[in-house]
Every structure is written in C-alpha cells, then in structure tokens.
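# Examination of the molecular architecture
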Amino acid sequence: MQRRHIILATMASPAAAWAHHGWESYDAAKQQKVTGTIAELKWEQPHAILWVNSGGKKLEVWLSPLQRMVDRGLTKDALSAGKSVTVDAQPHTQKVNEWKAQSIVVDGKTYNLMR
C-alpha cells in the first residue's frame, strides 16, 4: 500500500511543478498601478487570479497564495466581480496582459500581498 502512495505522489509532482511558476518572470523594475473593475476571480491553489477590466483591456493579475491573503484579511468575497480595485503590480516579461500583484486596494483597504 505504501508503495502505491509513493508512485502516485511521484506521478503528481511534475504536474504540480509545471502548474506553479516562479516570480522571476515579472519585471520588478517596472512596477505600476493597475486600476479597473474585477471581471472575474479564480480562487484556487496555488494562487488566486483576478481578471481586471482596465483601459479597454482585460488584464490577468496573479495574487498571493490563498492562505497568505486570508491571513491578511483579504477573502474571496472581497474580490467579487464589478468591484473597483487598484493593484500595485509588476508586468510579466513576455506576456503583455499578465501582472503580479504586490498589493491591492479594494473597498478602500490596502492589502500587502508579498511577504
């Protein structure tokens, strides 16, 4: 039985590694404010993702791990569609409409998303 668990864990590892990417793909030197309205939220591990309508574009904004956000008071309900947000974010180095959030302002409250 234990051997089966090891085999299953080994098979799942490459998929998990592929699904989670590092933050080095974002340009820390080009941090900007992204302001808009939430179009959609994906709230699942390893990171939540917001799609924000901003300046006629739909931007993909990667947030922190779920537990970190919840620990800081930012819940799934706070990020509902139609709410206005301002995100301090870094652009992806290759994907034009993808950003990594450093902090987010929603309902007048700022949440620091990085360590």
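Going by the structure above, here's the rest.
Let me sum up the structure you'll find in this document. (Residues numbered from 1 in each chain as written. Predicted model: local features only at pLDDT ≥ 70, side-chain atom pairs only at ≥ 80, totals over all residues. Heavy atoms only, no water.)

Counting residues in each nonpolar core, the largest one holds 23 residues, and the members touching the most others are L63, L74, I104 and L113. Taken together, the elements giving at least two residues each to this core come down to β1 (32–42), β2 (49–54), β3 (57–62), α2 (66–71), β4 (84–91) and β5 (98–106). In terms of residue count, the dominant contributor to this core is β5 (four residues). Contacts of L74, omitting those with residues within four sequence positions, involve W43, M69, L79, I104, V106, Y111 and L113. (Core = buried A, V, L, I, M, F, W, Y, C linked by side-chain atoms within 4.5 Å. Buried < 20%, exposed > 50% of the residue type's maximum accessible area, 1.4 Å probe, protein only. Helix = DSSP H or I, 4+ residues; strand = E, 2+ residues; numbered from the N terminus. Contact = heavy atoms within 4.5 Å.)

The next subject is the pattern of salt bridges. Taken as a whole and judged by the stated rule, the model has six salt bridges. Between D107 and K83 there is a salt bridge, with the nearest N and O atoms lying 2.7 Å from each other. You can see D107 sitting in the loop between β5 and β6 (109–112) and its partner K83 sitting in the loop between α2 and β4, a full 24 residues away along the chain. We note a salt bridge from E98 to K95, for which the minimum N-O separation is 3.8 Å. Its relative accessible area of 6% is what places E98 among the buried residues. On the basis of relative accessibility, which here comes to 47%, the residue K95 falls in the partly exposed class. (Salt bridge = Lys/Arg side-chain N within 4 Å of Asp/Glu carboxyl O.)

Examined against the element boundaries, D88 turns out to sit in strand β4. Among the polar contacts listed, one links the side chain of D88 to the side chain of K33, at a separation of 2.8 Å. Each residue touching D88, except ones within four places of it in the same chain, is listed here: Q31, Q32, K33, K100, A101, Q102 and S103. (Polar contact = N/O pair within 3.5 Å; in protein donor to acceptor, adjacent residues only side chain to side chain.)

For the rest of this paragraph, the subject is the side chain of S54. Structurally, the position occupied by S54 is in strand β2. Within the local environment of S54, its side chain forms a polar contact with the backbone oxygen of T35, the two atoms lying 2.7 Å apart. Not counting chain neighbours up to four residues away, the residues in contact with S54 comprise V34, T35, G36 and L59.

Let us look at unusual backbone geometry. In the segment running from Q45 into P46, the intervening peptide bond is cis, with an omega of 5°. Relative to the helices and strands, P46 resides in the loop between β1 and β2. Even without a glycine there, the phi angle at D107 is positive, about 55°. Note on D107: relative accessible area 59%, which makes it exposed.

Across six bridges, β1 lies against β4 in antiparallel orientation. If you follow T37 over to β4, its bridge partner there is S84. One ladder, built from five bridges, connects β1 with β2; its direction is antiparallel. Opposite L41, over in β2, you have L50 as the bridge partner. Linkage of β1 to β2, two consecutive antiparallel strands, is achieved through a turn of six residues. (Pairing = 2+ DSSP bridges.)

Without other data, these values stay purely geometric and don't point to any function.
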